[in-house]
Each structure stands twice: as structure tokens, then as C-alpha cells.
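Commentary on secondary and tertiary structure
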Amino acid sequence: MNRKLSPFWTLFILTGLNLFNYLDRNVLAAVLEPVQAQFNLSDEQGGQLNTAFMLGYFVTAPLFGYLGDRASRKWLIALGITVWSVGTVLTGLATSLGMMLAFRTVVGVGEASYASISPGWISDVFGPGRRNNALTIFYVALPVGSALGYIIGGQIAAHWGWRYAFIWAGLPGLLLALSLLPFQEPQRGLAEGLAEQVRLPKLKDVQTMLRLTDFHLIVWGYAYYTFAMGAFAFWGPSYLHRVHHVAKSSAALFLGAVVVVAGLIGTFVGGFAATAWRRRNAAAYGLVLGCSTLAAVPAAVLTFVTGNVHVCMASLAATVFLLFLSIGPVNTLIVETVPVNLRASAMAISIFAIHLFGDLSSSQIMGALSDHWESLQKAGLILPGALLVGAALWLALALKTMRCGRAAGVQGNGLSTPSAAP
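Keep in mind the model is a prediction, meaning the values are calculated, not measured. Each chain carries its own residue numbering, running from 1 in the direction its sequence is written. In keeping with the predicted nature of the model, local features appear solely for residues at pLDDT of at least 70, side-chain atom pairs appear and are counted solely at 80 or more, and the whole-chain, interface and lining totals rest on all residues. Hydrogens and water molecules were not included; the side-chain quantities draw on all heavy atoms of the structure.

1. A few points about the overall build of the protein chain
Within the protein chain one finds 18 helices and two strands. Atoms considered for the radius of gyration are the C-alpha atoms alone. The globule rule reads 2.2 Å times the number of residues to the power 0.38. Its C-alpha radius of gyration of 20 Å places the protein chain within 12% of the 22 Å reference for a compact globule of 422 residues. Any residue under 20% of the maximum accessible area for its type is buried, any over 50% is exposed, and the rest in between are partly exposed; the area is computed with a 1.4 Å probe on protein chains only. Counting across all 422 residues of the protein chain, residues that qualify as buried make up 59%. Note on contacts: a residue pair is in contact if any heavy atoms of the two residues lie within 4.5 Å. Taking as baseline every contact in the protein chain between residues at least 6 positions apart, the subset at least 24 positions apart corresponds to 85%. Put simply, the protein chain shows about 15700 Å² of open surface, and 68% of that area lies on carbon and sulfur atoms. Counting rule for charge: Lys and Arg are taken as positive, Asp and Glu as negative, and neither His nor the chain ends is counted. Working definition for charges: the position is that of NZ of Lys, CZ of Arg, CG of Asp or CD of Glu. For the protein chain, the centre of its 25 positive side-chain charges and the centre of its 16 negative side-chain charges are spaced 9 Å apart. The helix and strand labels rest on DSSP assignments: H or I over at least four residues marks a helix, E over at least two residues marks a strand, and numbering proceeds from the N terminus. Only the protein chains shown count as cover for residues, and the accessible areas themselves come from Shrake-Rupley with a 1.4 Å probe.

In C-alpha cells, the structure reads:
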């Protein structure tokens, strides 16, 4: 039960588990139309299914963040995987809206454990020079897993019905939950050589973290970004079907293909380019976040205003590519802005904030506006506005970093070295 994992295998296993994390999360979007038809749900009620997941996800994240900085991380991860997998299978067996809401909440609780703890584990294995690239690879699971959720969910639903999409998506996790248990987890602060100095965080340490201006700019920018991403990930297949009359299964397949290709390329390009740029410019991560999100705004507007299906698909692919440039750097900034003994807490607080103020209600808001205006196309135009605000906050972070120059905690190579404790 204490075999040591190499950095390669650590990243391989955690990334694989993260892929199933996002696959299970996104199956619902691929089968939303038949679920709405089965239970006679309005768009606002359809949006509530995503809100239920987000409630379970963000409400419990602080608890797992607290435990992740203090308790055995591999057992917490195993528990989380088991819980989200059981919740996914049970979603396929639901017979009412109330049951579906309850089971989607369970899925959110399980995923909160994994999402809060895993980035800190990776940060304890990979030092500052390799950390962003490692986290970029870890978060490649976001576009790939999301795409597999769309593609597999849509195809299974088309052939065997939407219930089997949830059942087959959830079953593998019941075995994968055991994958980390035989191995030793790294000491906190190991990658910085601070393992012997790390102490258990206290409440005042968390309070100090919450006063960091950089942390606020990162998280609030991420919240607006997540508001837009979450709503379109949920309504994307339905939008293509209703507005541009793309077949339901084809819409899910196209969106999955766009996410896996444009998202995969964007994640790799943004992450590895930001690492190289950061060696010369301490503000590189913030600049990648702000500039890429700002560039995505006009592409997102075009996606919702054009009446041409081919233009819509092209602008959608461009938007996805630009938005996924940020995935690696934003998460690296979260763990590098805080002391090493608060990494799980920082990720958990970030999850809590970006979902409470981001996609907790964005899909439901977009659904309600669609009902009110009788147009999903008009409702979608709130999303580029959210991206614009997020871009402004991240550009403010980059400008602040540039003004500060190589301030305390930034070494000659432009990479931060967090302390063991506040």
C-alpha cells in the first residue's frame, strides 16, 4: 500500500481519472433533449438539472479542501470517484425530475473531492519549472472528457436510449476508484524542498490567503469565464438543434469533436506557450488568460448572431480554441499564488466561488431567458458579455504583475516559489 509512484505515472493516473470526471459530468448535455421530452421539462427546469450538480459540487468543495490539506488524499479521491460514479448510474435509473435532481447533486459531491485535491497532489510532485506543463496535461482531460461525454452519451442515447448513457458512463468509475490506493502519496511541499517545513494550516492562514489581491483577480475572472463556459456547454447541443436544425445526435457529435480537437489543441498551446513565455515575462500567465478570453468575445458574438450554420460552427470552434488556451495557466496561478500548505484549500475556494457566481445558475438563467424571449439564440448573447468582464479582470492581474516586476517570491527565472506557510 506504500509503493512510490514516479512523476510520469502520477500524472498519467490522475489525468486518466480526470478524464472520467469530465465524461460523467457532460453526458447530461448530450441527452438533454430526450430527458426533457421524457419528463416534459421546460428549458428552465432543464437548466435546474445542471444547477443541482453545481450545488453538490461547490457547496462541498470547501470541506474537501479543508480535508485535502490535512488528511490522506488518496482515500479522499477514492471516496469521491465512488460517489460520483454511483450518482451517474443512479441518474440513468431516475423516474422523476426530483430523483434526477437528487442524483445529479450526488455526482457533484463526488467530483468536488477529486477536483479540490488532485491539482495540489500534482504540484507536490512537479516543481515550478514543470508544474504548468504538468497541470496543462492534467486539464487536457477537460476537453477530451467533455467531448467523450457528448459523443458517447449522444451515440448511446441514439441507439439504446438516454438511460443507458448514464449507466455505462458511471460503471467504470467503480473500479477506477481503487487505482491510487496501493501507492504512496507525496509529502506536501516536496517539489519546493519544503516538505519538512510544512505545517497544518490554521484558520488565520486561510484568512490571510483570502486577502491576496492576485488570488481575487484570478478567481473572479475565472467566475465570469465559467459562467459563459458552463451555460454553453449545457445548452450547446440544444442550440445547434433548435436554431440551425442539426440532428440531436449530430449536434452532440459535432460539439464533442470541436471540444476534443479545438479544446485539446488550445489547452496544449496555451499551457506550453505560457510556460515558455513565463521564463522571460513574469506576467505571462495573466496575459495569456486576458488576451485569449478577450479575443474569444467577438467569436462568441458571431456564434449567436449568424443565421448560417457553417459560420456558426466555424466561430464556435474558434471560440472553444481561444477559451481553452487558459485552462492550464489559470489553475497553475491558483496553486502558485498561495502557500504550499493551502493548495487544496485554494482550489476548493476557487471551485466554490467560480461555481456559486459562475455556472451554478448560468444554464438556468439562459434557459429562463430562452423561455421569456422564446429564443435560445437571444438568450445566448449574455455569454460574450460575461467573457468580456472576465478578460478585463485577468488583464488587470497581468498589468499588476508587470508593474510589480520581479517582486518578492519571483526568482530570476520568473517562476514563483511559495512559502511553506503564510
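2. Considerations on the packing of aromatic side chains
For Phe, Tyr and Trp, where Trp contributes only its six-membered ring, two rings pair if their centres lie within 6.5 Å, and the inter-plane angle classes them as stacked under 30 degrees, edge-to-face over 60, or tilted in between. Counted by the stated rule, this structure contains 18 aromatic pairs. On the numbers, 6.0 Å between centres and 85 degrees between planes, the contact of Trp162 with Phe166 is edge-to-face. Highlighted residues: Trp162 and Phe166, both in helix α8 (residues 162-170), separated by four residues, approximately one helical turn. A single burial state applies to Trp162 and to Phe166, both of which are buried.

3. Topic: the environment of Phe126
If you trace the backbone, Phe126 turns up in the loop between α5 (97-123) and α6 (128-139). Here Phe126 is in contact with Pro7, Leu11, Arg131, Ala134 and Ala191, once residues within four sequence places are set aside.

4. Brief notes about empty space enclosed by the protein
Grid points spaced at 1 Å over the protein atoms alone were grouped into cavities, where a 1.4 Å probe fits but cannot get out, and pockets, open sets with protein on both sides within 12 Å along at least five of seven lines, with lining residues defined by an atom within 4 Å of a point. Grid points are joined across faces, edges and corners, and a volume is the space filled by probe spheres set on the points. If you walk through the whole model with that rule in mind, you get two cavities of 30 Å³ or more. In this structure, the largest cavity encloses a volume near 820 Å³. Take the lining of the largest cavity: its biggest share by element is nine residues, from helix α11 (residues 213-244). Following the grouping adopted for this structure description, the nonpolar residues are Ala, Val, Leu, Ile, Met, Phe, Trp, Tyr, Cys and Pro, the charged ones are Asp, Glu, Lys and Arg, and the polar ones are all others, Gly among them. Across the lining of the largest cavity, the residue classes tally to 32 nonpolar, twelve polar and two charged. In this model, the second largest cavity occupies a volume close to 50 Å³. Together, Gly68, Asp69, Arg73, Ile117, Gly120, Asp124, Arg188, Val340, Arg343 and Ala344 line the second largest cavity. Among the elements of the structure, α5 and α16 (343-373) are those that each provide at least two residues to the lining of the second largest cavity.

5. Structural notes on the pattern of salt bridges
When a carboxyl oxygen of Asp or Glu is within 4 Å of a side-chain nitrogen of Lys or Arg, the pair counts as a salt bridge. Throughout the structure, instances matching the rule amount to nine salt bridges. The residue Arg242 makes a salt bridge to Asp43 at a minimum N-O spacing of 2.5 Å. Linking Arg242 in helix α11 with Asp43 in helix α3 (residues 43-68), this pair joins segments that are 199 residues apart in sequence. Residue classification places Arg242 among the partly exposed residues on the basis of a relative accessible area of 30%. Taking relative accessible area as the criterion, Asp43 reaches 8% and is therefore assigned buried. Among the ionic pairs, Lys400 bridges to Asp214, the shortest N-O distance being 2.8 Å.

6. Overview of the packing of helix α4 (residues 73-91) against α8
Convention adopted: a line fitted to C-alpha atoms gives each axis, helices being fitted over their contacting stretch, and angles between N-to-C directions are expressed from 0 to 180 degrees. Taken N-terminus to C-terminus, the directions of α4 and α8 make an angle of 165 degrees; their axes are 7 Å apart at the nearest point. In terms of their interaxial angle, α4 and α8 are classed as roughly antiparallel. Here the hand of the crossing between α4 and α8 comes out left-handed. Residue-level inspection shows Ser85, Thr88, Val89 and Thr91 of α4 in contact with α8, the latter providing Trp162, Phe166, Ile167, Ala169 and Gly170. Along the lines of polarity and charge, the residues of the contact of α4 with α8 split into five nonpolar, four polar and no charged. By definition in this entry, angles of less than 35 degrees are roughly parallel, angles greater than 145 are roughly antiparallel, angles of 65 to 115 are roughly perpendicular, and the rest are oblique. Take the far helix as the reference: if the near one is turned anticlockwise from it by less than a right angle, the crossing is left-handed, and if turned clockwise, right-handed.

7. Details of the side chain of Gln364
Examined against the element boundaries, Gln364 turns out to sit in helix α16. Here the side chain of Gln364 touches Thr51 through a polar contact of 3.1 Å, side chain to side chain. Beyond its immediate sequence surroundings of up to four residues, Gln364 is in contact with Glu44, Gly47, Gln48 and Thr51. The definition of a polar contact used here is a pair of N or O atoms within 3.5 Å, where within protein one atom must be able to donate a hydrogen and the other to accept one, and adjacent residues in sequence count solely through side-chain atom pairs.

8. Here's the deal with a nonpolar patch on the surface
Judged by side-chain polarity, Val86, Leu90, Leu93, Trp160, Tyr164, Trp168, Leu171 and Leu174 come together as a nonpolar surface patch covering roughly 800 Å² of accessible area. Elements supplying a minimum of two residues to the nonpolar patch: α4 and α8. The residues that make up patches have over 30% relative accessible area and no salt bridge, and they are joined within 9 Å when like-charged or within 5 Å when they are Val, Leu, Ile, Met, Phe, Trp or Tyr.

9. Observations concerning the confidence of the model for the protein chain
pLDDT expresses how confident the predictor is about each individual residue, on a scale running from 0 to 100. Averaged over every residue, the pLDDT of the protein chain is 86; residues scoring 70 or more account for 94%. In this model, residues 407-417 is a region of pLDDT below 50 whose contacts with residues beyond four sequence positions or in other chains number 22 contacts.

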